[in-house]
Amino acid sequence: MKDYYMDHAATTPLSKDALEAMMPYLTTDYGNASTVYTYGQRAKAAVERSRRTIAATIGAKPSEIYFTSGGTESDNWALIGAAEAGREQLHQIIKTHADRALISSAMSSTVETSSPQTVISKSPCGHIITDQIDHHAILNTCAYLEKRGFDVTYLPVDREGHVDPDAVMAAIRPDTLLVSIMVANNEIGTIEPIAEIGARLQKHAEETGQRILFHTDAVQAYAHIPLDVDELRVDLMSASSHKLNGPKGIGFLYVRRGVKLPSFLHGGEQERGRRAGTENVAGIVGFARAAELACGTDPQPIASISDADTAATSTARATELACSTNLQPMSPSSGTGTAVPSTAGAPSVESYLDRMAQRIAQESAVRDHLIQRLLDEIPYTSLNGDPTHRLPNNVNVCFKYIEGETLLLLLNEKHIYASAGSACASGSLEPSHVLRAIGVAHEDAYGSLRLTIGPETTIADVDEVVDLMKPIIAQLREQSPLYPSSK
């Protein structure tokens, strides 16, 4: 029987190109990138070429990319590191105000002064803003920070899962250190107004002098829609390789130049002394190759020790032109984005972008066809998330009068592989926190199904999936005492 893999948001198959790029570093070119002899220096060169490639895909500088073990580590490092750095800065401000208060009190006994701690900070550590539907890597890290004395505001969202930029600004306090809002939700696919939030935080800093770091979890969005760190005005960005046909166990954290972020893992001097641990050279190379392909470029693979550095330099430049020049986040329903300004000597840039837009348009067409069939042909079905401004590969629906876990087991028997929500929360017996936050009734949230497609998924595939699903859902509903037709 044919397999239907409909869970690309959980993980994606490793592409043959990424595997081929990795193989030399798993076999013959196995040097430790921190060593000084030839094998090590060749491995280090591959890491740095990959760093340039990854940086170019988001309009960053290579020195702003730090390789990690994946999205969870990147999120933890961003939040805990920013919180610790901000707390130290906040304590210095409080100390300065305390010193000023003592001087003022000594000069005049009639001057009444408030506690600098009360004036500056409502908590001993500082304040963080996030939202109620973010990934558990963010929410659980925020819970950890609350136990360590930080205050956290969890912003509500609307029925489609949008964070309101006005709510972000209204939540800011004098002791706010960090805002963290994900680019696109991993369960319902809604794309958040990151660029608007970033612009307003920047304006706030210019008008008040309060510099608040802005982090975004881009794990589900990176290489699926165009992202540019300067357009988004983010200071920190997390991404993971295995969401874009790259290897598992490798990701990156973008740290804008000038942002003081303490080390998260302590040990050696890898990643310019900020992230200890022997570099996963093969994973890094595979990640870079997968990013090249996902961004719509198709240059030469990352060079192995037998290839010339000039080939890799050409690769990085081609990717930079294709992926990082003034890209705006696009509406996945339209499959079009802001055109890149013409670049002398690079006539193929437009074709690179066209291919990326074509991939997004293709996935969006398959996605919309799947949504339409589910809503039209299966009664009591509702779509979760924004109907258009959502990730091009994401479909999330609720089927009333059924239980989602049972549906997944029956779909598995038909070789349809999907999920009821985030793979990271699959062991939970509680309904999705995302669906509850957007107002889905408790009993309906148990009937949720997330179907996430890949670039290889066709309309014929989803037609077959829907045809197989319909009798299963009908069978489950007939067994439910709540289903109207059973009464």
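Everything numeric here is computed off the predicted structure, so don't read it as measured data. (Residues numbered from 1 in each chain as written. Predicted model: local features only at pLDDT ≥ 70, side-chain atom pairs only at ≥ 80, totals over all residues. Heavy atoms only, no water.)

Trainee: Just checking my understanding: could you explain the overall build of the protein chain for this structure?
Mentor: On a plain count of helices and strands, the protein chain comes out with 16 helices and 12 strands. Split into buried and exposed, the 487 residues of the protein chain put 55% on the buried side. As presented, the protein chain carries roughly 20400 Å² of accessible surface, and 53% of it is formed by carbon and sulfur atoms. (Helix = DSSP H or I, 4+ residues; strand = E, 2+ residues; numbered from the N terminus. Buried < 20%, exposed > 50% of the residue type's maximum accessible area, 1.4 Å probe, protein only. Areas by Shrake-Rupley, 256 points an atom, 1.4 Å probe, with all protein chains shown as cover.)

Trainee: Can you help me understand a nonpolar patch on the surface in this one?
Mentor: Residues Leu-14, Leu-19, Met-23 and Leu-26 make up a contiguous nonpolar surface patch of about 330 Å² in total accessible area. Locating Leu-14 in the fold gives a position in the loop between β1 (4–5) and α1 (16–26). Look at Leu-14 and you get partly exposed, because its relative accessible area is 37%. (Patch = residues over 30% accessible without salt bridge, like charges linked within 9 Å, V, L, I, M, F, W, Y side chains within 5 Å. Salt bridge = Lys/Arg side-chain N within 4 Å of Asp/Glu carboxyl O.)

Trainee: Help me out: how do you make sense of the packing of aromatic side chains in this one?
Mentor: The geometry of an aromatic ring pair is captured by two quantities: the separation of the ring centres and the angle between the planes. Evaluated as defined, the whole model comprises 8 aromatic pairs. Measuring from centroid to centroid gives 6.0 Å for Tyr-380 and Tyr-483, while their planes differ by 80°, and the two rings are edge-to-face. You can see Tyr-380 sitting in the loop between α12 (349–377) and β9 (381–383) and its partner Tyr-483 sitting in the segment after α16 (459–478), a full 103 residues away along the chain. Among the residues examined, Tyr-380 registers a relative accessible area of 40% and is labelled partly exposed. A relative accessible area of 12% places Tyr-483 in the buried class. Within the aromatic cluster, the residues linked to one another by ring pairs are Tyr-222, Phe-252 and Phe-287. Lying across the ring of Tyr-66, Arg-272 places its NZ or CZ 4.2 Å from the centre. One Lys or Arg, Lys-400, reaches over the ring of Tyr-401 and ends 5.3 Å from the middle of that ring. (Phe/Tyr/Trp six-rings, centres within 6.5 Å; stacked < 30°, edge-to-face > 60°. Lys NZ or Arg CZ within 6 Å of the ring centre and 35° of its normal.)

Trainee: Looking at this structure, I do not really get the packing of α1 against helix α10 (residues 281–294). What am I missing?
Mentor: Two packed helices can be described by the angle between their axes and the distance between those axes. With their axes 8 Å apart at the nearest point, α1 and α10 run at an angle of 160° to one another. As the angle between them shows, α1 and α10 are arranged roughly antiparallel. At the point where α1 passes α10, the crossing takes the right-handed sense. Residues Asp-17, Ala-18, Ala-21, Met-22, Tyr-25 and Leu-26 of α1 pack against Val-281, Ala-282, Gly-283, Val-285, Gly-286, Arg-289, Ala-290 and Leu-293 of α10. Residues that form the contact of α1 with α10 fall into these classes: 10 nonpolar, 2 polar and 2 charged. (Axes fitted to C-alpha atoms, helices over the stretch in contact; angles between N-to-C directions. Parallel < 35°, antiparallel > 145°, perpendicular 65-115°, else oblique. Left-handed = near helix turned anticlockwise from the far one by under 90°. Contact = heavy atoms within 4.5 Å. Nonpolar A, V, L, I, M, F, W, Y, C, P; charged D, E, K, R; others polar.)

Trainee: Would you mind showing me how to read the nonpolar core here?
Mentor: Buried together is how nonpolar side chains tend to be arranged in soluble globular proteins. Counting residues in each nonpolar core, the largest one holds 65 residues, and the members touching the most others are Tyr-222 and Phe-252. Looking at which element gives the most residues to this core, the answer is α10, with 9 residues. In contact with Tyr-222, not counting residues within four places along its chain, are Ile-54, Thr-57, Ile-58, Leu-227, Ala-239, Leu-244, Phe-252, Phe-287 and Ala-291. Core analysis: the second largest hydrophobic core is formed by 27 residues, Ile-402, Leu-411, Val-462 and Ile-473 among them. (Core = buried A, V, L, I, M, F, W, Y, C linked by side-chain atoms within 4.5 Å.)

Trainee: Can you walk me through the environment of Met-23 in this structure?
Mentor: Its place among the elements puts Met-23 in helix α1. Each C-alpha atom of the pair Met-23 and Gly-286 lies 9.0 Å from the other, and the pair is 263 residues apart in sequence.

Trainee: Explanation requested: the sheet that holds strand β8 (residues 251–255) in the structure shown.
Mentor: In a beta sheet, neighbouring strands are held together by backbone hydrogen bonds and run either parallel or antiparallel to one another. On the basis of which strands lie adjacent, the open sheet formed by 7 strands has the order β2-β8-β7-β6-β5-β3-β4 and mixed pairing. Of all the strands in the sheet, just β2 (65–68) and β4 (151–155) have a single pairing partner and so form its edges. Strand-to-strand twist of the sheet, defined as the mean angle between neighbouring strand axes without regard to direction, takes the value 20°. As paired elements, β2 and β8 share 4 bridges and run antiparallel to each other. Paired with Tyr-66 across the two strands is Leu-253, which belongs to β8. Across the sheet, helix α2 (residues 38–57) is in contact with β2 and β8; its angle to β2 comes to roughly 115°. (Pairing = 2+ DSSP bridges.)

Trainee: Please clarify how the packing of α2 against α10 should be interpreted in this entry.
Mentor: Two numbers describe how α2 lies on α10: the axes approach to 9 Å, and their chain directions differ by 30°. The orientation of α2 with respect to α10, classified from their angle, is roughly parallel. Taken as a pair, α2 and α10 cross one another with a handedness that is left-handed. Touching Ala-43, Ala-46, Val-47, Ser-50, Thr-53, Ile-54 and Thr-57 of α2 are Val-281, Ile-284, Val-285, Phe-287, Ala-288, Ala-291 and Glu-292, all from α10. Here the residues of the contact of α2 with α10 are counted per class, giving 10 nonpolar, 3 polar and 1 charged.

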